[in-house]
Amino acid sequence: MRATTSLSDAAQRDLGGLAERAVGPGDPGYDEARAVHNGMIDRHPALIVRCTSADEVARTIAFARAHDAPLAVRGGGHNGGGLGVVDDGVVIDLSGLDEVVVGPDVVRAGGGATWAQVDRATGEHGRATPAGIISTTGVGGLTLGGGLGHLTRRYGLTIDSLVGADVVLADGTQVHASADEHADLFWALRGGGGNFGVVTSFTFRCHPVSTVLAGPTFWPIEQTPEVMRFFREFITAAPRAVNGFFALMTVPPVDLFPPELHLRKVAAIMWCVVGSEEEASRYLAPVHDVGTPLLHGVGAVPHAALQSLFDGLYTPGLQCYWRADFVNEITDEAIEKHLEWGQKLPTMHSTMHMYAISGAAHDVGPADTAFSYRDANFAEVIFGVDPDPANADTLRDWCIGYYDDTHEYSAGGAYVNFMMEEGQERVRATYRGNYDRLARIKAQYDPNNVFRINQNIQPAKAAG
Ligand SMILES: Cc1cc2nc3c(=O)[nH]c(=O)nc-3n(C[C@H](O)[C@H](O)[C@H](O)COP(=O)(O)OP(=O)(O)OC[C@H]3O[C@@H](n4cnc5c(N)ncnc54)[C@H](O)[C@@H]3O)c2cc1C
């Protein structure tokens, strides 16, 4: 407690005018400022500094270092493990750095912007950058981990559209990283998470996307084997215009779905086709021959509206427990396990998603960016979710039980953005052959591991 109080006092002394935007324990708004999306995370930082410029970020890094305090960087605060906040340390809150500017073929977004802001701005120009499926997610964390969503098969991962980033390094230096400047750093930022510096601005290519054909097909959960066998073949061979992720889920009781389906457990595929209605009908025609669909709800929707479709379901403060794997092949044996665990979905919000990594995402090789698992075909996430903290143990038990039972069918590592804090071995398994290069770049840009509240890459030790 004493350390906490002294950091607040030191901020008044050392941070000058910036101290007015610093919040510590006891200050009004402290609990709101320390809260992250995952309600299971309850951390108490000593100081949260709301930075609005790269200079302020640099000053806050120097402050944390001078006081030997752990430093967390918060973008959108969505990380499952709560890596945007740290106990007894300093948090750089980037939410004030959220300017979004759209050019003819590019969009520049502040390091603390959300995808909702980007989608809205690009959507006005009939364009989009690949993101995730929840628009309240931060641009920062999602991009630095890779970025999987509705446009993955058409335009690749989010990092495949990244053309440059402004970064504040551990020593306060401000650099621009791109294919031509600090190319090693640019390589590492594309999948290596927040290990290398604080990104204050991202510049992405944006692509011609306006109205898309999107929506789910639902089947009775008992038909999971048939649907998963179809999905594994169909989605890897489908035209790039077609994206679909498989889900084991409970139909939410909302007007969008017929009342007779409400709260029914289903096997689902959530589609997004970038093309005309005629193309979408033609591409998705085989879907109707699989099992006995309960609903095929694909229709025209503006891309930005699709991006926010699930925001109301996965609201901030829900209890969330995460496990994940990359998957090369969905075997028949694994499918039986998915059926078993899908039937045991513990709550309405809990789900398992299987995202396709194919199409344009496979144009980039495993060593071309830090995101190593380009050769995988799927990213699986098991997501135990509920509003009631009393259900936390139930969510965790289901999630871990499901993961333990299916991990043997995986490719080994997991998508960093779907992981909680699971230890060094898991981080290494995830970066595989890229880990050593990442560790060398880490040693160059952050030798003291100032940025360690993340899926941490440890700086390589100097030879000799
Ligand atoms: C409901 C929900 C749905 C999701 N769906 C998807 C999905 O469809 N596709 C997908 O790819 N992911 C998805 N995610 C996962 C998401 O990508 C990660 O949670 C990601 O870490 C969130 O980024 P953030 O900036 O919001 O998080 P934060 O918690 O703020 O940060 C996460 C990590 O990134 C670092 N970081 C954030 N911003 C910066 C920055 N500007 N500079 C340096 N480091 C930074 C932080 O230090 C931290 O280590 C989802 C998450 C949730 C909660």
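What you are looking at is a predicted structure, and each value in this text was computed from that prediction instead of being measured.

Draft legend 1. Inspection of the overall build of the protein at higher detail. In terms of regular secondary structure, the protein is built from 14 helices and 19 strands. Here the C-alpha radius of gyration of the protein, 22 Å, is about what a compact globule of 464 residues would show, namely 23 Å. Along the first, second and third principal axes, the C-alpha set of the protein runs to 70 × 50 × 50 Å. Here the protein, with 464 residues, has 60% of them falling under the buried criterion. In the protein, of all internal contacts separated by at least 6 residues, the share reaching a separation of at least 24 is 74%. Carbon and sulfur atoms make up 49% of the accessible area of the protein, which totals about 17,500 Å². Taking the average location of the 35 positive side-chain charges in the protein and that of its 56 negative ones, the two points are 4 Å from each other.

Draft legend 2. Highlighting the sheet that holds strand β9 (residues 174-178). Ordered in space as β5-β6-β10-β8-β9, the 5 strands form an open sheet in which the pairing is antiparallel. Bordering the open sheet on either side are β5 (100-102) and β9, each of which pairs with just one other strand. Averaged over neighbouring strand pairs, the angle between their axes works out to 15 degrees when direction is ignored. On top of the sheet, helix α4 (residues 115-123) reaches β5, β6 (106-110) and β10 (198-205); it is set at about 25 degrees to β5, its chief contact.

Draft legend 3. Region of the structure containing the site of the ligand. The local shell around the ligand holds 35 residues, among which V73, G75, G77, L148 and Y415 are the closest. The backbone of H78 places a nitrogen or oxygen atom 3.1 Å from an oxygen atom of the ligand. Taking L148, its main chain carries an N or O atom lying 2.6 Å from a nitrogen atom of the ligand. Considered on its own, the ligand offers 950 Å² of accessible surface; in the complex 97% of this is hidden by protein. Contributions of two or more residues to the shell around the ligand are made by β3 (71-74), α5 (139-145) and β10. Residues of the shell around the ligand, tallied by class, amount to 16 nonpolar, 18 polar and 1 charged.

Draft legend 4. Spatial organisation of unusual backbone geometry. For D88, which is not glycine, the phi torsion reads 60 degrees and is therefore positive. Even without being a glycine, H182 presents a positive backbone phi close to 45 degrees. Structurally, H182 is set in the loop between β9 and α7 (183-189). A relative accessible area of 34% means that H182 is categorised as partly exposed.

Draft legend 5. Layout of the environment of H125. Looking at the element boundaries, H125 is found in the loop between α4 and β7 (127-128). Measuring from C-alpha to C-alpha, the distance between H125 and A356 comes to 27 Å, with 231 residues separating the pair along the chain.

Draft legend 6. Spatial organisation of the packing of helix α13 (residues 424-431) against helix α14 (residues 435-445). Relative orientation of the contacting elements α13 and α14 amounts to 110 degrees, with a least axis distance of 8 Å. As the angle between them shows, α13 and α14 are arranged roughly perpendicular. Residues Q424, V427, R428 and Y431 of α13 touch α14, and the partners they reach there are Y435, D436 and L438. Grouping the amino acids of the contact of α13 with α14 by side-chain chemistry returns 4 nonpolar, 1 polar and 2 charged.

Draft legend 7. Geometry of the pairing of strand β8 (residues 162-168). Extensive coverage of β8 is indicated by the burial of 5 of its 7 residues. As defined by bridge partners, β8 adjoins β10 across 6 bridges and the pair is classed as antiparallel. In the sheet register, V168 faces β10, and the bridge partner there is V198. Following β8, the chain reverses through 5 residues before pairing antiparallel with β9; G172 in that reversal takes a positive phi of roughly 90 degrees.

Draft legend 8. Highlighting the pattern of salt bridges. Overall, the coordinates contain 22 salt bridges when judged by the stated rule. Across the salt bridge formed by E99 and R108, the nearest N and O atoms sit 3.8 Å from each other. A residue is classified by how much of its surface remains accessible, and R108, at 39% relative accessible area, is partly exposed. Note that R432 and D375 form a salt bridge whose closest N and O atoms lie 2.9 Å from each other. In this pair, R432 is assigned in the loop between α13 and α14 and D375 in the loop between β18 (351-356) and β19 (378-386), connecting sequence segments 57 residues apart.

Parameters and conventions
- Residues numbered from 1 in each chain as written.
- Predicted model: local features only at pLDDT ≥ 70, side-chain atom pairs only at ≥ 80, totals over all residues.
- Heavy atoms only, no water.
- Helix = DSSP H or I, 4+ residues; strand = E, 2+ residues; numbered from the N terminus.
- Rg over C-alpha atoms; globule rule 2.2 N^0.38 Å.
- Buried < 20%, exposed > 50% of the residue type's maximum accessible area, 1.4 Å probe, protein only.
- Contact = heavy atoms within 4.5 Å.
- Areas by Shrake-Rupley, 256 points an atom, 1.4 Å probe, with all protein chains shown as cover.
- Lys, Arg positive; Asp, Glu negative; His and termini not counted.
- Charge placed at Lys NZ, Arg CZ, Asp CG, Glu CD.
- Pairing = 2+ DSSP bridges.
- Axes fitted to C-alpha atoms, helices over the stretch in contact; angles between N-to-C directions.
- Near = heavy atom within 4 Å.
- Polar contact = N/O pair within 3.5 Å; in protein donor to acceptor, adjacent residues only side chain to side chain.
- Nonpolar A, V, L, I, M, F, W, Y, C, P; charged D, E, K, R; others polar.
- Parallel < 35°, antiparallel > 145°, perpendicular 65-115°, else oblique.
- Salt bridge = Lys/Arg side-chain N within 4 Å of Asp/Glu carboxyl O.

That's the geometry; what it means functionally is another story.
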